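Examination of the molecular architecture
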Amino acid sequence: MNFVEARLAKLARNGDRHAFAELVELYKDKIFHLAYRMLNNKQEAEDAVQETFLRVYTNLHRYDENQKFSTWIFRIGTNLCIDKLRRRKMTYSLDAEMTDGEGNDYYAMLPSDEETPEKLLIVSETQAQIHRAIEALPEKYKSVVILRYLHDMSLQEISDVLEMPVTTIKTRVHRGREYLRKRLEQEEQVVSTNPVGI
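Residues numbered from 1 in each chain as written. Predicted model: local features only at pLDDT ≥ 70, side-chain atom pairs only at ≥ 80, totals over all residues. Heavy atoms only, no water.

1. Digging into the overall build of the protein
Helix and strand counts for the protein come out as 8 helices and 0 strands. Counting from the amino terminus, helix and strand elements in the protein follow one another as α-α-α-α-α-α-α-α. Relative to its 198 residues, the protein shows a buried fraction of 36%. A separation threshold of at least 6 residues defines the contact pool for the protein, and within that pool the share at least 24 residues apart is 68%. Of the roughly 12,200 Å² of accessible surface on the protein, 53% is carried by carbon and sulfur atoms. (Helix = DSSP H or I, 4+ residues; strand = E, 2+ residues; numbered from the N terminus. Buried < 20%, exposed > 50% of the residue type's maximum accessible area, 1.4 Å probe, protein only. Contact = heavy atoms within 4.5 Å. Areas by Shrake-Rupley, 256 points an atom, 1.4 Å probe, with all protein chains shown as cover.)

Now the structure itself:
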């Protein structure tokens with residue numbers, strides 16, 4: 001796959017629009033999911049995808065064919081999202097867009113038994129809890145947790161994307177996971193001490 005992408009990038013760099021269109025097709029959904037998880041806003045995520053591909057196109061001459069294209073494009077997309085988060089006011093809005101069925105990739109790995117309404121409700125509530133916990137992560141942990149657990153990248157790949165030592169990535173993944181665990185435990189305690197009658 002890396003060879004194919006490197007070849008497409010080389011063709012695109014030489015002005016082949018069809019090759020660039022293939023790269024866009026290969027990565028637009030992946031970059032959207034990354035941006036949506038980081039920014040928690042569909043419109044901003046769509047803007048980030050467009051900006052990412054604009055930067056890819058204008059910087060194709062800088063792409064090193066010895067590195068994975070996926071690493072390079074994820075680095076561009078992640079950095080764009082981090083910039084957007086830094087510019088954003090750090091206030092939590094109750095109006096923040098929820099996943100509304102678009103974020104089902106959290107549960108793509110769950111076995112698909114017959115889905116009862118009760119099971120769907122539990123999955124939906126769990127998804128919302130995880131979503132809130134990820135949204136509340138400090139910025140430096142958010143990107144590594146999203147890349148590790150939602151994009152299934154190795155520590156080395158995340159290190160390449162964020163241009164940080166693997167040891168730093170390992171520490172941030174560990175601390176981010178601990179933060180999520182504590183946050184989810186706190187939510188669980190709040191739910192168990194304040195049951196809501198239906």
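2. Notes on the confidence of the model for the protein
Mean pLDDT over the protein: 78, with 75% of residues reaching 70 or higher. In the model of the protein, helix α5 (residues 117-136) stands out as the element of lowest mean pLDDT, 68, in contrast to helix α3 (residues 42-58), which has the highest, 92. A low-confidence stretch, residues 90-113 stays under pLDDT 50, and its non-local contacts, those more than four residues away or across chains, total 38 contacts. (pLDDT = per-residue confidence, 0-100.)

3. Topic: the packing of aromatic side chains
In the structure shown here, the tally under the stated rule is 7 aromatic pairs. Summarising the aromatic geometry, the rings of Y27 and F69 are spaced 5.6 Å apart at their centres and angled 55 degrees between planes, so their arrangement reads as tilted. Highlighted residues: Y27 in helix α2 (residues 17-39) and F69 in helix α4 (residues 69-87), separated in sequence by 42 residues. Of the two residues, Y27 and F69, neither departs from the other in class, the shared state being buried. Ring centres of F32 and Y36 lie 5.7 Å apart, and the angle between their planes is 15 degrees; on these two criteria the pair is classed as stacked. Of the two residues, F32 and Y36 are both situated in helix α2; the distance of 4 residues between them amounts to about one turn of the helix. (Phe/Tyr/Trp six-rings, centres within 6.5 Å; stacked < 30°, edge-to-face > 60°.)

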